Amino acid sequence: MTDDYAILKNLNPWWQDDQWHAKDPDIKAVETSRIKRRLLYAWKDYWLKPIFNKEGWAIRVLRGPRRVGKTTLMKLLIREAINIGYNPKSITYVTLDDENLRRVIKEKGLAEILRDIIKESLNQYGLSLVVIDEATFYNEWALALKNLVDEGVIRTPGVLVIVTGSYSLELYAAKRELEGRMGVISGDSIGQRFIYPLRFVEAVESLSDEINNYLYGSTFMGKSGLKHVRERLSVLEALAEPGNEKVYEFLQDLWNRVGRLAVSYFEEMYLYTGGFPSVLHEYSENNRIDDQNYVAFYNLIVSDAERFGLEPAILERILRSKMSMPRVEGTLSNFQIDVESFKGGKGSASRALRVEEVKAYLNYLIDGSKILTKIPSLQYVGGPEVSGQVFDIDPSKPFKLIFTDPFMFHSVYWASRGFRGNIADAVKNIIINAKSEKKDFPWQLYTSLYESVVCSHVARVTMLKYGEETPNYGRGIYEGKEYADCIVWYYDTFSSATKIIPVEVTVSPLP
């Protein structure tokens, strides 16, 4: 590597130190935590090994919210690559939120830098693994990769480029640039994946040996243990079949063996922490959450909005005025944040916020930062079984917006209202009191939190099977009334049939 790229030495400690991982604070935090990401093991088998064996080449794009652990996952992946035989100097990590590196990129161009890195690595080691972290801080990263694929630099066996970013708007748009240019390895052609916060089952199976053993040893269909996603989906499918006695017997057994324990983890941990690994670890170890976790997440969401041409002050006003519950309902026409009375403007006189501006802020919260999950209203249309398309979105009916994760909600709710201290105590207090229906405490907040967690999990069901987002969920509306909080449908290759699963969430303080 030439002196022009000397800055990369600080970003790639494994080039010179074979014990770098023992000193890395992120990896040390993972090693001391019981919270694990199972994704890492799949990537090792599906990505690292085929590239090491020169079975092909690939570009893989990983999207995910701020502070969900993407950078830590990349460091763990680099450690795994070295463990299976990659030469440490064939692995290059670049992070585009590093100001010094961005200055070098501005002078030379990202394509030229990556071209030099990949060619030199291939010439010397026969392999090249490049990790581009926080790519959305450089607008033309996808174009640079496209050009390198077309030149044949990346389209070479033994080359793997992994790109991460926090915001879906730019990353999803980049799909157009890279269409047909992301390679196929191990039969895997899915180039983009979204890293959500941990689901409840992922969190609880990491923390409870009793629940983990139950998931390993118990079955419903008898084909595999409940660790397997297919087996857990079969329980949901059975619940959607009227009169299925077997599923009731199974649920009674589940409740008797681990039900109360699982509920305690959910109500006394997950509703506070959500699925953010570092927050889960802190709470499970110390029974507390540092206020800075909430504030830092919120500040990043607000400050990053400027990159999309949005005004932080207006975004904060929207978050304060409308996002007071984990569940919000409306149509686009009535969800205009009281446009006529809403005034704002950067360094200018007050003005009414235009409808398209409001839509841009909502897009940032839904499609950009993924703080919110949009649950559209659906109408049944039938359709070919092979495609699994049985519903269409009904734009005339209200949609629901739910917070994708409880920690996201608490960060937005409290930090947007100016709280900077004792947030964890406030969160715990309001949930405990809402749960017990104490006077003047919002039982609705508690039930809304429950519903948001369930519906956001249901919205991810197909991603558990296929690893890619598909527009196959929403809520059922019949004659203007909601008949299911959430519906998910998908084509099941095992049974060659379309599965439709409606879910209704009911929470009560009574047994």
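Please refer to the structure placed before this passage.
Below, the structure is looked at part by part. These numbers come from a predicted model, not from an experiment.

1. Overview of the overall build of the protein chain
Scanning the protein chain from terminus to terminus reveals 21 helices and 15 strands. The contacts in the protein chain between residues at least 6 apart in sequence include a share of 72% that link residues at least 24 apart. Put simply, the protein chain shows about 23000 Å² of open surface, and 50% of that area lies on carbon and sulfur atoms.

2. Topic: the packing of aromatic side chains
Scanning the model with the defined rule gives 19 aromatic pairs in all. Measuring from ring centre to ring centre gives 5.1 Å for Trp-43 and Trp-47, while their planes differ by 5 degrees; the resulting arrangement is stacked. Of this pair, Trp-43 and Trp-47 are both found in helix α4 (residues 39–52), four residues apart, which corresponds to roughly one turn of the helix. As far as burial versus exposure is concerned, Trp-43 and Trp-47 are alike and both buried. Seen from their ring centres, Phe-403 and Phe-409 are 5.2 Å apart, and the 70 degrees between their planes marks the pair as edge-to-face. Phe-409 shares its class with Phe-403; the two are buried. By way of ring pairs, the aromatic residues Phe-200, Phe-266, Tyr-270, Tyr-446 and Tyr-450 are connected into one cluster. A cation sits over an aromatic face here: Lys-374 above Phe-399, 4.6 Å from the ring centre. Lying across the ring of Tyr-413, Arg-417 places its NZ or CZ 4.3 Å from the centre.

3. Overview of the pairing of strand β6 (residues 327–330)
Of the two faces of β6, only one is covered, namely that formed by Val-328 and Gly-330; the face formed by Arg-327 and Glu-329 stays uncovered. Relative to strand β12 (residues 399–403), β6 runs antiparallel, the two being bridged by four bridges. Across the sheet, residue Val-328 finds its bridge partner in β12, namely Leu-401.

4. Considerations on the sheet that holds strand β5 (residues 192–194)
If you walk across this open sheet you meet the five strands as β2-β3-β4-β1-β5, and the pairing is parallel. Looking at which strands have only one partner, the edges of the open sheet turn out to be β2 (91–95) and β5. Ignoring strand direction, the axes of neighbouring strands in this sheet form an average angle of 15 degrees. One ladder, built from five bridges, connects strand β3 (residues 128–133) with strand β4 (residues 159–165); its direction is parallel. Its bridge partner lying in β4, Val-131 is registered against Ile-162.

5. Points about the layout of surface pockets
Approximately 2100 Å³ is the volume attributed to the largest pocket. Along the wall of the largest pocket there are 48 residues; nearest its centre are Phe-200, Leu-239, Leu-251, Leu-254 and Val-454. At twelve residues, the largest contribution of residues to the lining of the largest pocket is made by helix α13 (residues 245–273). Residues belonging to the lining of the largest pocket are distributed by class as follows: 37 nonpolar, five polar and six charged.

6. Quick notes on the nonpolar core
Ranked by internal contacts, the top residues of the largest apolar core, which has 152 residues, are Ile-59, Ile-132, Leu-145, Ile-154 and Val-161. Element by element, the count of residues in this core is highest for α13, at nine residues. In contact with Ile-132, other than residues within four places in its own chain, are Val-94, Leu-96, Leu-114, Leu-145, Val-161, Ile-162, Val-163 and Thr-164.

7. Observations concerning the sheet that holds strand β11 (residues 391–393)
Pairing is mixed across the open sheet formed by five strands, whose spatial order is β11-β10-β13-β14-β15. Here the strands that pair on one side only, and so sit at the sheet edges, are β11 and β15 (497–503). Sheet twist, expressed as the average angle between the axes of neighbouring strands with direction ignored, equals 45 degrees. Of the strand pairs in this sheet, strand β10 (residues 377–380) and β11 are connected by three bridges, and their pairing is antiparallel. Residue pairing across strands places Leu-378 opposite Ile-393, the latter belonging to β11. Helix-sheet contacts for helix α12 (residues 229–239) involve β14 (481–492) and β15, and the interaxial angle to β14 is about 140 degrees. Set on the sheet, helix α20 (residues 443–458) makes contact with β14 and β15; between it and β14 the angle comes to about 25 degrees.

8. Some thoughts on unusual backbone geometry
Of note, the phi angle at Asn-287 is positive, near 55 degrees, even though the residue is not glycine. Turning to its location among the elements, Asn-287 is positioned in the loop between α14 (277–286) and α15 (291–304). Note on Asn-287: relative accessible area 48%, which makes it partly exposed. A positive phi is found at Asn-422, a non-glycine position, where the angle reads about 60 degrees. Position of Asn-422 relative to the elements: it lies in the loop between α18 (406–415) and α19 (423–435). Owing to a relative accessible area of 57%, Asn-422 belongs among the exposed residues under this scheme.

9. Re the side chain of Ser-128
With respect to the element layout, Ser-128 can be found in strand β3. In this structure Ser-128 comes out as buried when scored by relative accessible area, which is 1%. Each residue touching Ser-128, except ones within four places of it in the same chain, is listed here: Ser-90, Ile-117, Ile-118, Ser-121, Leu-122, Gly-158, Val-159 and Leu-160.

Definitions and cut-offs
- Residues numbered from 1 in each chain as written.
- Predicted model: local features only at pLDDT ≥ 70, side-chain atom pairs only at ≥ 80, totals over all residues.
- Heavy atoms only, no water.
- Helix = DSSP H or I, 4+ residues; strand = E, 2+ residues; numbered from the N terminus.
- Contact = heavy atoms within 4.5 Å.
- Areas by Shrake-Rupley, 256 points an atom, 1.4 Å probe, with all protein chains shown as cover.
- Phe/Tyr/Trp six-rings, centres within 6.5 Å; stacked < 30°, edge-to-face > 60°.
- Buried < 20%, exposed > 50% of the residue type's maximum accessible area, 1.4 Å probe, protein only.
- Lys NZ or Arg CZ within 6 Å of the ring centre and 35° of its normal.
- Pairing = 2+ DSSP bridges.
- Axes fitted to C-alpha atoms, helices over the stretch in contact; angles between N-to-C directions.
- 1 Å grid on protein atoms, 1.4 Å probe; cavity = no way out; pocket = protein on both sides within 12 Å on 5 of 7 lines; lining within 4 Å.
- Points joined across faces, edges and corners; volume = space filled by probe spheres on them.
- Nonpolar A, V, L, I, M, F, W, Y, C, P; charged D, E, K, R; others polar.
- Core = buried A, V, L, I, M, F, W, Y, C linked by side-chain atoms within 4.5 Å.

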